Amino acid sequence: MSTPVHLTPTRRPAAVLASARQRREGSRTGSPYRNPAEHALLGIQAGAGNRAATAAVQRARAGEQAGGQGSAPQNSTAPAGAQKKNYRDRIAGLLDRFKKNLDPIDTFIKGVQTPANAGFTQQAAAAANEGLKHSAAASGTSAASGNLLTEATGTVVSGMDAYKNMKDARKHETGAGHHTAGKKAKVKGTDAVVGAAGSGAYSAAIAKEVTKIQKAADAAVASEASGIASASVAALKSVRSVFRVGGAARKYRKVKELGDPHLVHAESLARLNESREHANWAAAEAFVALDAYWKQDGEGRLELIGEAVDAAWEAMGEARDAAETLQRAERDVEKLNTVQGYAKKKQLTKIGKETVGGALGESTKAAAGVVTAVAAGTAGLASNPVGWGLAGAGAGLVLGVTLYKALRAATKRYEEVRRPEVWVPQGETPAEAASRSESLKHALKFWKKVSKGERQAMAREIYALAAGPHIPGSGGTTQEMRQSGMALLIALKAGPADHKLDEDAWVASLDDPAKTEAWIKEIAEQLASG
């Protein structure tokens, strides 16, 4: 037989209480403490105050629990790996903040200063104006230096993010957390490669401008090399945008193939409505029977009335349940229609941004780089106005998309604090609305991401539709609606194959409350990506 487990009584024995009382009295009379950690308490209290003393007592008690009565607490230090990870995260956060503060300057340089420099360079070469040529070269050097600083910082941040997400993907192995981290690792890894190439191109641009300032004999060679480098990087970015457009288009097509929820679920809603009508008829018949028993006389009348009351009560409950099921299904159909429309809109928006700013903008910049290189190789320096025009057009397209994205992000940040009740999770108390001036200040914090916006709210709605009955708020979802929610997840590239799970394990993960947060994060990421 196994030894029974004796629970520790909540009431302490009298001897323990007496011992504690003796220690308190001893502390007032100056008697020594029995624990060395408690002996040092007076010195700590005198130097740091009651807060530090309280912390020391807690550490002493923790040491006693771990090492036994009378043992001195040991100074525990965090593992070297944890400290290293903490430092790495802090450095990555500081670099990311630094890079985001450089982004507005970088945007101005790429969209305004660099095309203007190209125009002045072309004008100086055509008019043989050495003074203007020198000024344009100096401005170009500063512009390329600013671009290089932003690009190099972004490359380091992307590399650190890629490494962190690779470790997270290996840690999770399967499921939503694995897929989210794995996809981020690939995206950030690609960003690091493109950033490294861009840093090389900006270094070549700096060399080109410096040779112009110094009037070096190899200025044409440097200009040609810079044109080739910038064209190669722009072409690489353009190709990446083309792949993103293709991914967004495929995701849009898969979501569209799911069909109109009102038509898809018309039959199931009709069945639920029919069940509701049958339940209402059954309830009406039960009340008719009850009324008939009330009018009868004779022996056993009360017993029959009691049975009729029970039958009527049960019929009323079934009618109420059938009506609630139908209403819930109708609301879920509207939710499914809303989230499907939102998913398609996000993919169309992504297609537009990547097409204009990436595929067209970067390819135009690549063409400008080629024209610059050809002009440098044939005429000695870039004096062809075509290169200037292409550079300006490409920069204008990229700048337009960048400003659109910045305005959208600022609007979302404003709404997040100005109207926090709009996208607050169900059951959560919304924060107090900020004033107009405070909301405007928050909107200008371009380095901050939106944490409670429309995309996060739509991710919660999709998860609620696809989640299992053990998830709060999803118990009343019909099986047909749950299947539609799962189909939407598969269309958004969050299905079993994407998570490296078989179908049963994938469905079980949707019914696991511990994985709710990971699932919502995964869906939000898939809504934003192609």
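Residues numbered from 1 in each chain as written. Predicted model: local features only at pLDDT ≥ 70, side-chain atom pairs only at ≥ 80, totals over all residues. Heavy atoms only, no water.

Participant: Lay out the overall build of the protein chain with the relevant residues and their values.
Facilitator: Within the protein chain, the regular secondary structure consists of 17 helices and zero strands. Residues counted as buried form 35% of the 530 residues belonging to the protein chain. When the accessible surface of the protein chain is totalled, it reaches about 30,700 Å², and 58% of it is carbon and sulfur. (Helix = DSSP H or I, 4+ residues; strand = E, 2+ residues; numbered from the N terminus. Buried < 20%, exposed > 50% of the residue type's maximum accessible area, 1.4 Å probe, protein only. Areas by Shrake-Rupley, 256 points an atom, 1.4 Å probe, with all protein chains shown as cover.)

Participant: Got a sec to walk through empty space enclosed by the protein? Specific residues and values, please.
Facilitator: The rolling of a water-molecule-sized probe over the atoms marks out the regions of remaining empty space. Taken as a whole and judged by the stated rule, the model has three cavities of 30 Å³ or more. Here the second largest cavity defines a volume of roughly 40 Å³. Together, His265, Ser268, Leu269, Leu272, Ala329, Val333, Thr478, Glu480 and Met481 line the second largest cavity. Elements that contribute at least two residues to the lining of the second largest cavity include exactly helix 10 (266-295), helix 11 (301-379) and helix 15 (479-491). With three residues, the top contributor of residues to the lining of the second largest cavity is helix 10. Classifying every residue of the lining of the second largest cavity by side-chain character gives five nonpolar, three polar and one charged. (1 Å grid on protein atoms, 1.4 Å probe; cavity = no way out; pocket = protein on both sides within 12 Å on 5 of 7 lines; lining within 4 Å. Points joined across faces, edges and corners; volume = space filled by probe spheres on them. Nonpolar A, V, L, I, M, F, W, Y, C, P; charged D, E, K, R; others polar.)

Participant: With reference to specific residues and values, describe unusual backbone geometry.
Facilitator: With a phi close to 65°, Lys493 is a non-glycine residue in the positive phi region. Following the sequence through the fold, Lys493 ends up in the loop between helix 15 and helix 16 (503-510). One non-glycine residue, Lys500, adopts positive backbone phi at about 60°. Among the structural elements, Lys500 can be located in the loop between helix 15 and helix 16.

Participant: Can you lay out the nonpolar core for me, pointing to particular residues and giving the numbers?
Facilitator: Formed by 31 residues in total, the largest nonpolar core has its most connected members in Ile462, Leu489, Trp519, Ile523 and Leu527. Elements with a minimum of two residues in this core: helix 11, helix 14 (454-466), helix 15, helix 16 and helix 17 (516-528). With seven residues, helix 11 is the largest single contributor of residues to this core. For Trp519, the contacting residues outside a window of four places in its chain are Ala176, Tyr463, Leu489, Ala494, His499, Trp506, Ser509 and Leu510. (Core = buried A, V, L, I, M, F, W, Y, C linked by side-chain atoms within 4.5 Å. Contact = heavy atoms within 4.5 Å.)

Participant: Summarise helix 15; cite the residues concerned and give the values.
Facilitator: Taking 1.5 Å per residue, 13 residues should reach 18 Å; helix 15 reaches 18 Å between its end C-alpha atoms and fits that length. Following helix 15 by one or two positions, Lys493 adopts a phi angle in the positive range, close to 65°. (Expected span 1.5 Å × (residues − 1).)

Participant: Tell me what's going on with the packing of aromatic side chains, and back it up with residues and numbers.
Facilitator: What the rule picks out here adds up to two aromatic pairs. Consider the rings of Phe446 and Trp447, whose centres lie 5.2 Å apart with planes at 85°: the pair is edge-to-face. Classification of Phe446 by relative accessible area gives partly exposed; the value is 36%. (Phe/Tyr/Trp six-rings, centres within 6.5 Å; stacked < 30°, edge-to-face > 60°.)

Participant: Before we move on, could you go through the packing of helix 6 (residues 130-172) against helix 7 (residues 175-213) and cite the residues and values that matter?
Facilitator: To characterise two packed helices, one gives the angle between the axes of the helices and the distance between these axes. Where helix 6 contacts helix 7, the two axes come as close as 6 Å, and the packing angle between them is 160°. When the axes of helix 6 and helix 7 are compared, the pair comes out roughly antiparallel. Here the hand of the crossing between helix 6 and helix 7 comes out left-handed. Tallied by class, the residues present in the contact of helix 6 with helix 7 amount to 19 nonpolar, 18 polar and eight charged. (Axes fitted to C-alpha atoms, helices over the stretch in contact; angles between N-to-C directions. Parallel < 35°, antiparallel > 145°, perpendicular 65-115°, else oblique. Left-handed = near helix turned anticlockwise from the far one by under 90°.)

Any functional reading would require information beyond the geometric quantities listed.
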